[in-house]
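Residue-level structural notes
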Amino acid sequence: MPKRIVGYAAAAAALHDLGVECVGVFGPVAYKDGAPTPQAGSLDVRKLTTVSSTVGGDFNVEKYAALQPDLLVSNVNQPPQLWAVPPETSEKIQGLAPSVGIVTAKVSVLQSIRRYAALAEALGADLQAKKVADAKTRFERAAERLRRAAKAKRGLKVLAAAAQPDALSAGVPTAFPDTRYYAELGVEFIVPRNPGKDGFWEPMSWENANTHAADVIFLDARPNNVPLADLPRLKPTWNQLPAVKADQVVPWNNEAQSSYAGYAPLIEKLAEAVEKAKKVT
């Protein structure tokens, strides 16, 4: 059984929630001030060796090899590529230890959570442990709360979006595991008409930021985007959006760890936002 596991930030966080610890992580795990990124979840990143800090090409192969890994674990968004494992060094990295990729795009988050749970169990986790069972109960209650809120606010239009320096991009709800699941629960997401070839985003110039008028904006909180606090100053057209005027913007952890513990509080926050939201378009 593999003992020395190195995981992508969100993968390591999912395994941690299930009782399996990694010796190293890669991908964006901490901001410059040391605070954990959304991808890092409940990980104590200070105790882990980091072999890369982005999803780009800064994966330190020598540092990874020095950890003497038994297994590498990552998400898979565009099969068969392991997320945040650079293609140019992928063969060398995967030659150092076996790898596992869990699909976390264009499937329901329920599937991703169940696959991570199965992996954790294979690695020795006790899925009947109170911590894990309690998290699942909380998740199920949160999902039911969101279902009721969406039904009560039928007609409320939600836009999943990312505020990038050159564009406000509209997310395709079926492309992301959480929004796909929330749509199954009844949340009415706006569906972009012209997404890019990968099927994830439709970029809109900031001059055309209101192409998809929404009552609620579900805003990507990952560190590669313009922070919500800076948008009013840096992007004036942001301030004109109906959802922004109504203060109906909800941070979206686009790459949360695929575990019941990871998603339960996020669903609770979205349910609360939907419960409070008003129709403004």
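Higher on the page you've got the structure.
Overview of the structure. A quick note: this is a predicted structure, and the numbers were derived from the prediction, not measured. (Residues numbered from 1 in each chain as written. Predicted model: local features only at pLDDT ≥ 70, side-chain atom pairs only at ≥ 80, totals over all residues. Heavy atoms only, no water.)

By the secondary structure assignment, Thr 237 is in the loop between α7 (231-234) and α8 (242-245). Residue classification places Thr 237 among the partly exposed positions, given a relative accessible area of 29%. Put simply, Thr 237 and Leu 146 are 91 residues apart on the chain and 30 Å apart in space, counted from C-alpha to C-alpha. Other than its neighbours up to four places away in sequence, Thr 237 contacts Trp 206, Glu 207 and Ala 209. In this structure the side chain of Thr 237 is engaged in a polar contact, spanning 2.7 Å, whose partner is the backbone oxygen of Trp 206. (Helix = DSSP H or I, 4+ residues; strand = E, 2+ residues; numbered from the N terminus. Buried < 20%, exposed > 50% of the residue type's maximum accessible area, 1.4 Å probe, protein only. Contact = heavy atoms within 4.5 Å. Polar contact = N/O pair within 3.5 Å; in protein donor to acceptor, adjacent residues only side chain to side chain.)

Using the criterion set out here, one finds 12 salt bridges in the structure. The salt bridge involving Lys 157 is made with Glu 188; its shortest N-O contact spans 3.4 Å. Here Glu 188 lies in strand β8 (residues 188-189) and Lys 157 lies in strand β6 (residues 157-164), a separation of 31 residues in the sequence. On the basis of relative accessibility, which here comes to 32%, the residue Lys 157 falls in the partly exposed class. The shortest N-O distance in the salt bridge between Arg 222 and Glu 255 comes to 2.7 Å. Separated by 33 residues along the polypeptide, Arg 222 in the loop between β10 (216-220) and α7 and Glu 255 in the loop between β11 (249-252) and α9 (260-276) bring together distant segments of the chain. Among the residues examined, Glu 255 registers a relative accessible area of 8% and is labelled buried. Sharing partners across several salt bridges, the network here consists of Asp 44, Arg 46 and Lys 47. (Salt bridge = Lys/Arg side-chain N within 4 Å of Asp/Glu carboxyl O.)

As summarised here, the arrangement of the 5 strands in space is β3-β2-β1-β4-β5, forming an open sheet in which the pairing is parallel. In this open sheet, the two strands that pair with only one neighbour each are β3 (49-50) and β5 (99-103). For strand β1 (residues 5-8) and strand β4 (residues 71-76), the ladder comprises 3 bridges, and the chain directions are parallel. Across the sheet, residue Gly 7 finds its bridge partner in β4, namely Val 73. Along the sheet face, helix α4 (residues 109-122) touches β4 and β5 and points at about 155 degrees away from the line of β5. (Pairing = 2+ DSSP bridges. Axes fitted to C-alpha atoms, helices over the stretch in contact; angles between N-to-C directions.)

With that settled, consider the packing of α4 against helix α6 (residues 177-184). Contact geometry for α4 and α6: axes closest at 7 Å, N-to-C directions at 125 degrees. Between α4 and α6, the angle is such that the two are oblique. Between α4 and α6, the contacting residues are Val 109, Leu 110 and Ser 112 on the first element and Pro 177, Asp 178 and Tyr 181 on the second. (Parallel < 35°, antiparallel > 145°, perpendicular 65-115°, else oblique.)

Core analysis: the biggest nonpolar cluster contains 42 residues, and Leu 15, Phe 26 and Tyr 116 have the highest contact counts within it. Ranked by residue count, the leading element in this core is helix α1 (residues 9-17), at 7 residues. Setting aside chain neighbours within four positions, we find Tyr 116 in contact with Ala 11, Ala 14, Leu 15, Leu 18, Val 73, Ser 74, Asn 75, Ile 102, Thr 104 and Ser 258. Membership of the second largest hydrophobic core comes to 38 residues, among which are Ala 162, Ala 175, Phe 200 and Val 216. (Core = buried A, V, L, I, M, F, W, Y, C linked by side-chain atoms within 4.5 Å.)

Bringing the packing of helix α5 (residues 130-152) against α9 into the picture now. Two elements in contact, α5 and α9, have axes separated by 8 Å at closest approach and are oriented at 20 degrees. Taken together, the axes of α5 and α9 lie roughly parallel to each other. Where α5 crosses over α9, the handedness of that crossing is left-handed. Residue-level inspection shows Ala 135, Lys 136, Arg 138, Phe 139, Ala 142, Ala 143, Arg 145, Leu 146, Ala 149 and Ala 150 of α5 in contact with α9, the latter providing Tyr 260, Ala 261, Tyr 263, Ala 264, Pro 265, Ile 267, Glu 268, Leu 270, Ala 271, Glu 272, Val 274 and Glu 275. Among the residues forming the contact of α5 with α9, the class breakdown is 16 nonpolar, no polar and 6 charged. (Left-handed = near helix turned anticlockwise from the far one by under 90°. Nonpolar A, V, L, I, M, F, W, Y, C, P; charged D, E, K, R; others polar.)

Here the focus is α1. Among the 9 residues of α1, 9 are classified as buried, and the element is accordingly described as predominantly covered. Of all the residues in α1, the buried ones are Ala 9, Ala 10, Ala 11, Ala 12, Ala 13, Ala 14, Leu 15, His 16 and Asp 17. At its buried positions, α1 is contacted by β1, β2 (24-26), β4, α4, α5 and α9. Gly 19 sits one or two residues past α1 and shows a positive phi near 100 degrees.

On the secondary structure map, Thr 104 appears in the loop between β5 and α4. Reaching out from Thr 104, the side chain makes a polar contact with the side chain of Asn 77 at a distance of 2.9 Å. In contact with Thr 104, not counting residues within four places along its chain, are Asn 75, Val 76, Asn 77, Ser 112, Tyr 116, Pro 177 and Ser 258.

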